[in-house]
Structure formats: structure tokens, C-alpha cells
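Topology and contacts: notes
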Amino acid sequence: MIVFEHVGKRYGGRFDALANLDFRVDRGEMVFLTGHSGAGKSSLLRLIMRLERPTRGRVLVAGHDIARLHASQVPFYRRQIGVVFQDHQLLLDRSIYHNVALPLEIRGVEHREAARRVRAALDKVGLLHREKALPIELSGGEQQRVGIARAVVNKPSLLLADEPTGNLDPQLSADIMALFEDFNRIGTTVVIASHDLALITRLRHRMLRLRDGRLVADEEAA
Ligand SMILES: Nc1ncnc2c1ncn2[C@@H]1O[C@H](COP(=O)(O)OP(=O)(O)OP(=O)(O)O)[C@@H](O)[C@H]1O
Ligand SMILES: [Mg+2]
């Protein structure tokens, strides 16, 4: 699903944020990406999203070198990837329903079909009964679950999350991770950047560990 071949990323001057990364993530895998602040976790995810391009090497997703995608193909490519951010990035003046519907509206999905999918996604994260609420009326954990519903409403084959439990207490964090596991169980490939070692070690999935932009460990689930 994802192949990194000798990938390096240099921002601006002489500083390598990522260096010589080689690994692959197979379809249907669930992988944690960990490492200290500044290790390069977000940079790695941004390369997969094609928000950045590698300075060296190649990033292949589903067999395609994504640096070679034509600009006109990039929106289509990104649509196949669900992304969850730490600060969920919900629109504060829009209802929960509309926040989740947004990716479908952008694609012009027919109204009734969109409603069906939004409700299925909200149901999956346990928030169907809050569809009319505004984000501010929800707890941090609930807001994060809305972010996840929005990320999966397009039924992406790949789900990326950057510190999705960053602001949550341990119980809510565990709940959020369990949701990702649910999506993985039905075949979605999942890559989650997290520095919460206590939590992700307990979950027993493969772990890629970065240090100063280099891959220093690739540990299979114990
Ligand atoms: N757009 C940018 N321009 C210049 N340098 C950048 C840019 N983005 C990231 N960096 C640098 O690249 C390195 C890796 O950053 P990155 O955000 O990938 O780390 P991270 O592992 O996600 O850290 P954190 O745990 O704090 O989120 C850091 O030293 C950072 O300062
Ligand atoms: Mg980061």
C-alpha cells in the first residue's frame, strides 16, 4: 500500500527532517509511528498525503509514485485518504452533521446518499444523537470522534492520523484508538503518529520509531 524508497526530506537549507527512509506498509496493516518531538512524524505523514514531496527517493502509494501525479490528479488522490488531526479542525459555526458532510459536499455527492453516509459515519463513532449540535457543545473526545467520522465518510482505503489523542485523557485516548482498530478490522490501512508510548505499546501493533528523521526501529506487534 505504502512504500518508502530511500526517502529524504530537506526543508530549506541543509537540515534533513527525514533521511534515507526505507519501509513498506501493506494493505490492511495498522502501524504506529513514534519518536520524539521533531523526529519527523508529521513530515512523514505529509509526504504520504502529498502535502510535501520528498527531496530524495520515492514514495509509492498503491503502486504509484505520488510525486509524479499531475496537479489535476492530486485532489482525487487525497480523497482516497482519510486524515485525522490532533486539533480536529472542525468548522465551529457548522453543525456536527455538516462538518462530517463537508467532504461529500465538496465531491458533489447526491443529497440523500450523503445523508445516509454521514449518519452511518456518525453512528460508527457513537454520535448520531448529536448531529444537530455545534462542535463547541461537545467534549474534546466527542469532537475528536467527529473528526474521525469526517475522515472516514468517504470510505478511504487509507486512514492517517497525526497525534489523534494529543489532548485527551487516557480513557478517551484508548476509546479513540479502539475506533481506529475497528476501521482497521474492516480492511482500512491505518497509520497513526503518536508519542503516547504507554498507550501504543499496550495496543500491540507494528511500531515504526523515528529519531532525528531516521528510522531506528521497526517492531512487529509482540
Ligand atoms: N515546513 C517546514 N519548514 C521547515 N522545517 C520544518 C517544516 N516542517 C517541519 N520542519 C522541521 O522538521 C523536523 C521534523 O518536524 P515534524 O513536524 O515532522 O516532527 P514531529 O515528529 O511531527 O514532531 P512533533 O511530535 O512535535 O509533532 C523538525 O525539526 C521541524 O522543525
Ligand atoms: Mg508532529
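Nothing here was measured: the structure is a model prediction, and the numbers come from that model.

Here's the deal with the environment of P170
Here P170 is to be found in helix α6 (residues 170-185). You can call P170 exposed: its relative accessible area is 66%. Considered as a pair, P170 and D93 are 77 residues apart in the sequence and their alpha carbons are 29 Å apart.

Focus: the pairing of strand β4 (residues 56-61)
Across five bridges, the pairing between strand β1 (residues 2-11) and β4 is antiparallel. Pairing of I2 across the sheet is with V61, part of β4. When β4 meets strand β5 (residues 64-65), the two strands line up antiparallel, connected through two bridges. Paired with V61 across the two strands is H64, which belongs to β5. Turn length for the β4-β5 hairpin, with the two strands adjacent in sequence and antiparallel, is two residues, and the turn residue A62 shows positive phi of about 50 degrees.

A look at the environment of V83
By secondary structure assignment, the location of V83 is in strand β6 (residues 81-84). Given a relative accessible area of 19%, V83 falls into the buried group. V83 sits 108 residues away from V191 along the chain, and the two C-alpha atoms are 9.8 Å apart. V83 has contacts with M49, A151 and L160, leaving out every residue within four places of it along the chain.

Remarks on the UniProt feature "domain: ABC transporter" (unreviewed entry) in the protein
The residues that UniProt annotates with the feature "domain: ABC transporter" (unreviewed entry) are residues 2-221. Helix makes up 35% of residues 2-221 and strand 28%, with an end-to-end C-alpha separation of 18 Å.

Quick word on the site of ligand 1
Lining the immediate environment of ligand 1, one finds Y11, F15, A17, H36, S37, G38, A39, G40, K41, S42, S43 and R46. At 2.9 Å from an oxygen atom of ligand 1 is found a main-chain nitrogen or oxygen belonging to G40. The contact in question runs from an oxygen atom of ligand 1 to an N or O atom on the side chain of K41, over 2.7 Å. Expressed as a share of its isolated accessible area of 630 Å², the protein-covered part of ligand 1 is 61%. Elements represented by at least two residues in the shell around ligand 1 include exactly β2 (15-25) and α1 (41-49). Counting residues per element, the shell around ligand 1 draws most heavily on α1, which supplies four residues. Here the shell around ligand 1 is composed, by residue class, of four nonpolar, six polar and two charged.

What about the nonpolar core?
Most often, soluble globular proteins have nonpolar side chains that are buried together. Judged by nonpolar contacts, the single largest core of 38 residues is most densely connected at V100, V118, I148, L159, F180 and I192. Residues in contact with V118, not counting those within four places in the same chain, are Y97, V100, A101, L104 and V153. Membership of the second largest hydrophobic core comes to 30 residues, among which are L33, I48, Y77 and A193.

The rules we used
- Residue indices follow the written sequence of each chain, beginning from 1 at its first position.
- Ligands are numbered from 1 and chains lettered from A, in the order in which they are written.
- Reporting in this predicted model follows two pLDDT cut-offs: at least 70 for local features of residues, and 80 or more for side-chain atom pairs to be given and counted; totals over whole chains, interfaces and linings ignore these cut-offs and use all residues.
- Excluding hydrogens and water, the side-chain values take into account all heavy atoms of the structure.
- Put simply, DSSP H or I for four residues or longer makes a helix, DSSP E for two residues or longer makes a strand, and each gets a number counted from the N terminus.
- Each residue is placed in one exposure class: buried if its accessible area under a 1.4 Å probe, protein chains only, is under 20% of its type's maximum, exposed if it is over 50%, and partly exposed if it falls in between.
- For two strands to count as paired, DSSP must find a minimum of two bridges between them.
- In what follows, a contact means two residues having at least one pair of non-hydrogen atoms within 4.5 Å.
- UniProt positions are given in the numbering used here, feature names are shortened, and annotations may be inferred rather than shown by experiment.
- One heavy atom within 4 Å of a molecule or strand makes the whole residue count as near it.
- Under the rule applied, a polar contact is a pair of N or O atoms within 3.5 Å (in protein, one hydrogen donor and one hydrogen acceptor; residues adjacent in sequence only if both atoms are side-chain atoms).
- Areas reported here follow the Shrake-Rupley algorithm with a probe of radius 1.4 Å; residue values treat only the protein chains shown as occluding.
- Asp, Glu, Lys and Arg are counted as charged, while Ala, Val, Leu, Ile, Met, Phe, Trp, Tyr, Cys and Pro are counted as nonpolar; the rest, among them Gly, fall into the polar class.
- The nonpolar core is taken to be a set of buried Ala, Val, Leu, Ile, Met, Phe, Trp, Tyr and Cys residues, with the residues joined through side-chain atoms within 4.5 Å.

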